[in-house]
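The residues making up each chain are set out below.
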Amino acid sequence: MLDEFSNQHLKIIINNRLQGLNPQYAEVFLRKLETVYHTYLSVFPTQCAQLDLLWDLRKAGAITFENTIRAMDVLVGDMSKRFDKAYKPPKLFISHAQADSIIVKKFVSLLERIGIKSEHLFCSSIDGYDVPQGAGDIYDYLRNEMTNDRLFVIMMLSKNYYASKVCLNEMGASWVKQAAYQVILLPGFDYSKIKGVIRPTEMCFRLDDSVHRAYDMNELKERILKHLGLPTIDSTQWERKRDEFFSEIDSQPKV
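Two side chains of opposite charge can pair, provided their charged atoms sit close to one another. Taken as a whole, this structure holds 12 salt bridges when the rule is applied. For Asp-78, the salt bridge identified is with Arg-82, shortest N-O distance 2.9 Å. Note that Lys-241 and Glu-244 form a salt bridge whose closest N and O atoms lie 3.7 Å from each other. Of this pair, Lys-241 and Glu-244 are both found in helix α11 (residues 235-250), 3 residues apart, which corresponds to roughly one turn of the helix.

In structure tokens:
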């Protein structure tokens, strides 16, 4: 809507150097301006207030029509640039190899126990959390997901992960944009095998580390709840589900 208003109205007026609006077009223009104002007022209150003020100044003859339209175009452009940051909610992204989807599905089931829903998570191998129908090419969709400034990336490292170019690209993209992240080493994968931009001393823990994994998973749970703004959950229920998850993982073949 913002880009349409700018390209199909404001920039056309500027490029054609119009000095005013004919009565028939003025009605269309003001209806579009009013729609933009009411649609984005709650998210961009300052810019919308300035749009309203500009038109009031124009009606009062305190500013030229050309300067009014040019100033509006700057404001709408600023709103468009800030759109993703303002509208994209905090989200989790699970970066993993398709070959590890069995473990990842069990992990997602655990996350569902703390209130994770489809709007909170992108995970390409899980129905309901993958690319929505009609969203187009998976790589374009993934690229768009990675532009979210409020993305929390969970990397599930394994030998399968390092064999996947897509996974390595996801790791690199997360590092470049300095997204919040957590690294989980799948069973059979050790710290010594970590390569690339991730360092073993950073936010990492092993799923088959029976001594420390409960504490580490509790800490991850708290980070996720805080990142998504979700309420805390009953610790007894969580610990039971967490330990069930660990038991299921321990019964899986090592990767």
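Now for the sheet that holds strand β2 (residues 121-122). A sheet is described by the order of its strands in space; here 5 strands give the open sequence β2-β1-β3-β4-β5, paired in parallel fashion. Because the sheet does not close on itself, it has two edges, and the strands there are β2 and β5 (204-206). The pairing of strand β3 (residues 151-157) with strand β4 (residues 180-185) spans 6 bridges and is classified as parallel. Bridge pairing in β4 links Phe-152 to Ala-180. Set on the sheet, helix α6 (residues 101-112) makes contact with β1 (91-95), β2, β3 and β4; between it and β1 the angle comes to about 160 degrees. Across the sheet, helix α10 (residues 213-228) is in contact with β1, β3, β4 and β5; its angle to β3 comes to roughly 155 degrees.

With that settled, consider the pairing of β1. In terms of burial, β1 is largely enclosed, as 5 of its 5 residues are buried. Across the two faces of β1 the burial is the same, with Lys-91, Phe-93 and Ser-95 and Leu-92 and Ile-94 all buried. Pairing between β1 and β3: 5 bridges, direction parallel. Along β3, the bridge assignment pairs Ile-94 with Ile-154. Inspection of the sheet shows β1 paired to β2 by 2 bridges, in the parallel sense.

To continue, consider the nonpolar core. Counting residues in hydrophobic clusters, the biggest one holds 31 residues, and the most contacted among them are Ile-94, Phe-107, Ile-116, Leu-207, Met-217 and Ile-224. Of all the secondary structure elements, the ones that give two or more residues to this core are β1, α6, β3, α10 and α11. Looking at which element gives the most residues to this core, the answer is α6, with 6 residues. Excluding its chain neighbours within four sequence positions, the residues that come into contact with Phe-107 are Ile-94, Ile-154, Met-156, Ile-184, Met-217, Leu-220 and Phe-245. Among the nonpolar cores identified, the runner-up in size contains 23 residues, and Val-131, Met-171, Leu-185 and Phe-189 belong to it.

With the rule as written, the count across this model stands at 9 aromatic pairs. A centroid spacing of 6.0 Å and a plane angle of 70 degrees characterise the contact between Tyr-161 and Tyr-162, whose relative ring orientation is edge-to-face. In this structure Tyr-161 comes out as buried when scored by relative accessible area, which is 0%. Ring centres 5.8 Å apart and planes at 45 degrees place the aromatic pair Phe-245 and Phe-246 in the tilted group. For Phe-245, a relative accessible area of 2% corresponds to the buried category. Taken together, the ring pairs in this structure connect Phe-5, Tyr-25, Phe-29 and Trp-55 into an aromatic cluster. Residue placement shows Arg-213 over the ring face of Phe-246; its charged tip is 4.4 Å from the ring centre.

The subject of this paragraph is helix α2 (residues 23-40). With 18 residues, α2 extends 26 Å from end C-alpha to end C-alpha; this agrees with the ideal 26 Å at 1.5 Å per step. Within the span of α2, buried status applies to Ala-26, Phe-29, Leu-33, Val-36 and Tyr-40. Burial along α2 is one-sided: seen end-on, the buried residues are contained in an arc of 95 degrees. In this structure, α2 carries Pro-23, Gln-24, Glu-27 and His-38 as exposed residues pointing more than 90 degrees from its buried face. Buried residues along α2 sit against α1 (2-15), α3 (45-59), α4 (65-81) and α5 (83-87).

Between α1 and α2, whose axes approach to 11 Å, the crossing angle comes to 145 degrees. Seen from above, α1 lies across α2 with left-handed handedness. Across from Leu-2, Glu-4, Phe-5, Gln-8, His-9, Leu-10 and Ile-13 in α1, the residues of α2 making contact are Tyr-25, Val-28, Phe-29, Lys-32, Leu-33, Val-36 and Tyr-40.

So, how was this worked out
- Residues numbered from 1 in each chain as written.
- Predicted model: local features only at pLDDT ≥ 70, side-chain atom pairs only at ≥ 80, totals over all residues.
- Heavy atoms only, no water.
- Salt bridge = Lys/Arg side-chain N within 4 Å of Asp/Glu carboxyl O.
- Helix = DSSP H or I, 4+ residues; strand = E, 2+ residues; numbered from the N terminus.
- Pairing = 2+ DSSP bridges.
- Contact = heavy atoms within 4.5 Å.
- Axes fitted to C-alpha atoms, helices over the stretch in contact; angles between N-to-C directions.
- Buried < 20%, exposed > 50% of the residue type's maximum accessible area, 1.4 Å probe, protein only.
- Core = buried A, V, L, I, M, F, W, Y, C linked by side-chain atoms within 4.5 Å.
- Phe/Tyr/Trp six-rings, centres within 6.5 Å; stacked < 30°, edge-to-face > 60°.
- Lys NZ or Arg CZ within 6 Å of the ring centre and 35° of its normal.
- Expected span 1.5 Å × (residues − 1).
- Arc of directions from axis to C-beta.
- Left-handed = near helix turned anticlockwise from the far one by under 90°.

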